[in-house]
Amino acid sequence: MSYQAHFRVWRGDADGGSLEDFQIEVNEGEVVLDVIHRIAATQAGDLAVRWNCKAGKCGSCSAEINGRPRLMCMTRMSTFSPTETVTVTPMRTFPVVKDLVTDVSYNYEKAKTVPAFLPRPREADGAYRMAQVDVERSQEFRKCIECFLCQNVCHVIRDHEENKPAFAGPRFFIRLAELDMHPLDQNDRRDLAQEQAGLGYCNITKCCTEVCPEHIKITDNAIIPLKERVIDNKYDPLVWLGGKIRRR
């Protein structure tokens, strides 16, 4: 069963643009990305859209659909009424390159600031030994597909461009948490999280968790525990005393 849908798609570049209207056929079982491809193939041959896997694993087709950050390939048209206008716009937090494509290089620059995994020395027999429960704790964060929807929806940088130099964002807070919680890693990133990554800017509204297509509990399992570790390191008197003793 097919029907004619009303789409509004943002067209433009870094200098500006506007929403353009399209009447386009929609078929049963399709997702928003299918319809965007049909618009590009039949009505707007120069429409720019970033995509790769069409399976919700590459994170390339992030956009805002009716105002909500989503993956276009994972947003089914059955979500909307046939009479509902579907508005597709680029992610608001990042500079527009063209149409639905944004410049997400900010995220790659932040990734460079995260110290790499540094394992402790192997045991006498050359093996590493870890408790399964400790491995599982950080494994959740490795599901991240770097769609940057969490970055896009975070109001710290979405509404305040000036915060970007001092704020890494939720994607990199889960990376810091993943490494800090790893049972083999011996790098201490707590000061970096607070002083350079701007962990203190986050007020745990959970908007990042709500839009994560991999259902990672970003706030509860990564950001809050990371905040607790930073606070313990800075303000726990026993930790402070232990540090003084070790230095002697």
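Residues numbered from 1 in each chain as written. Predicted model: local features only at pLDDT ≥ 70, side-chain atom pairs only at ≥ 80, totals over all residues. Heavy atoms only, no water.

Undergrad: How would you sum up the pairing of strand β4 (residues 68–71)? Please name residues and give values.
TA: Only one face of β4 is buried: it carries P69 and L71, and the other face, with R68 and R70, is open. Sheet topology note: the strand β3 (residues 62–65)/β4 ladder contains four bridges and is antiparallel. Residue pairing for β4: S62 is matched across the bridge by L71. In this antiparallel pair of consecutive strands, β3 and β4, the connection spans two residues, and N66 shows a positive phi of 50 degrees. (Buried < 20%, exposed > 50% of the residue type's maximum accessible area, 1.4 Å probe, protein only. Helix = DSSP H or I, 4+ residues; strand = E, 2+ residues; numbered from the N terminus. Pairing = 2+ DSSP bridges.)

Undergrad: Could you give an account of the nonpolar core, with specific residues and numbers?
TA: Counting 66 residues, the largest nonpolar core has F7, V32, I36, I39, M72, V88 and F173 as the members making the most contacts within it. The biggest single contributor to this core is helix α6 (residues 170–181), with seven residues. Not counting residues up to four positions away in its chain, the partners in contact with V88 are F7, R8, V9, W10, L19, V32, I36, A63, E64, M72 and L100. (Core = buried A, V, L, I, M, F, W, Y, C linked by side-chain atoms within 4.5 Å. Contact = heavy atoms within 4.5 Å.)

Undergrad: Quick one: what's the story with the packing of aromatic side chains, residue by residue and with numbers?
TA: Summed over the entire model, instances satisfying the criterion amount to four aromatic pairs. For the pair Y108 and F148, a centre-to-centre distance of 5.8 Å together with 80 degrees between the ring planes defines the contact as edge-to-face. One end of the pair, Y108, is in helix α2 (residues 105–111); the other, F148, is in the loop between α3 (132–139) and α4 (149–153), and 40 residues separate them in sequence. Summarising the aromatic geometry, the rings of F167 and Y201 are spaced 6.0 Å apart at their centres and angled 75 degrees between planes, so their arrangement reads as edge-to-face. One end of the pair, F167, is in the loop between α5 (155–158) and α6; the other, Y201, is in the loop between α7 (190–195) and α8 (207–211), and 34 residues separate them in sequence. The partly exposed category is assigned to Y201, whose relative accessible area is 41%. Here the aromatic residues F167, F173 and Y201 are joined through ring pairs into a cluster of three or more. The ring centre of Y106 lies 5.4 Å from the NZ or CZ of K164, which sits over that ring. (Phe/Tyr/Trp six-rings, centres within 6.5 Å; stacked < 30°, edge-to-face > 60°. Lys NZ or Arg CZ within 6 Å of the ring centre and 35° of its normal.)

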